Amino acid sequence: TQIKTIDSVQGREYPIVILNLVRSDGKTGFLSSPNRLNVAISRAQFQLVVVGSKSQWNTARIKRRAPELSKVVKKITEQGRRH
């Protein structure tokens, strides 16, 4: 088991990645950067597990500050409804 930051995994892949998006302060942090968000969601070879609160990441403020993250949350939500 390894715990890594987004910046430390750029250029590497792992079989399973658990991406922790749990925040309660209403800030987007590194997720407001499309490049860093891309790194966060593209490191898994076989399975990506995203942990977080959909309602936290779907607020109007987050949609303004991190529009790419809002697209990812929407896509995950749509995929979840199909299964």
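As the structure is a computational prediction, the values presented were derived from the model and not from experiment.

Caption draft 1: Looking closely at a positive patch on the surface. The grouping of Lys27, Arg61, Arg64 and Arg65 at the surface amounts to a positive patch. Within the secondary structure, Arg64 is located in helix 4 (residues 60–65). Here Arg64 falls in the exposed class, since its relative accessible area comes to 63%.

Caption draft 2: Region of the structure containing a nonpolar patch on the surface. A cluster of nonpolar side chains, contributed by Ile16, Ile18, Val22 and Val51, occupies part of the molecular surface with about 390 Å² of accessible area. Its location among the elements puts Val51 in strand 2 (residues 44–51). A residue is classified by how much of its surface remains accessible, and Val51, at 38% relative accessible area, is partly exposed.

Caption draft 3: Structural context of helix 2 (residues 34–41). Among the residues of helix 2, Leu37, Val39 and Ala40 are the ones counted as buried. End-on, the buried residues of helix 2 take up no more than an arc of 160 degrees, which puts them together on one face.

Caption draft 4: Local environment of the pattern of salt bridges. If you walk through the whole model with that rule in mind, you get two salt bridges. The partner of Arg36 in a salt bridge is Asp7, with the nearest N and O atoms 2.7 Å apart. Of this pair, Arg36 sits in helix 2 while Asp7 sits in helix 1 (residues 6–9), and the two are 29 residues apart along the sequence. The partner of Lys71 in a salt bridge is Glu68, with the nearest N and O atoms 3.4 Å apart. Here the residue Lys71 and the residue Glu68 both occupy positions in helix 5 (residues 67–82), the gap between them amounting to three residues, near one helical turn.

Cut-offs and rules
- Residues numbered from 1 in each chain as written.
- Predicted model: local features only at pLDDT ≥ 70, side-chain atom pairs only at ≥ 80, totals over all residues.
- Heavy atoms only, no water.
- Patch = residues over 30% accessible without salt bridge, like charges linked within 9 Å, V, L, I, M, F, W, Y side chains within 5 Å.
- Areas by Shrake-Rupley, 256 points an atom, 1.4 Å probe, with all protein chains shown as cover.
- Salt bridge = Lys/Arg side-chain N within 4 Å of Asp/Glu carboxyl O.
- Lys, Arg positive; Asp, Glu negative; His and termini not counted.
- Charge placed at Lys NZ, Arg CZ, Asp CG, Glu CD.
- Helix = DSSP H or I, 4+ residues; strand = E, 2+ residues; numbered from the N terminus.
- Buried < 20%, exposed > 50% of the residue type's maximum accessible area, 1.4 Å probe, protein only.
- Arc of directions from axis to C-beta.

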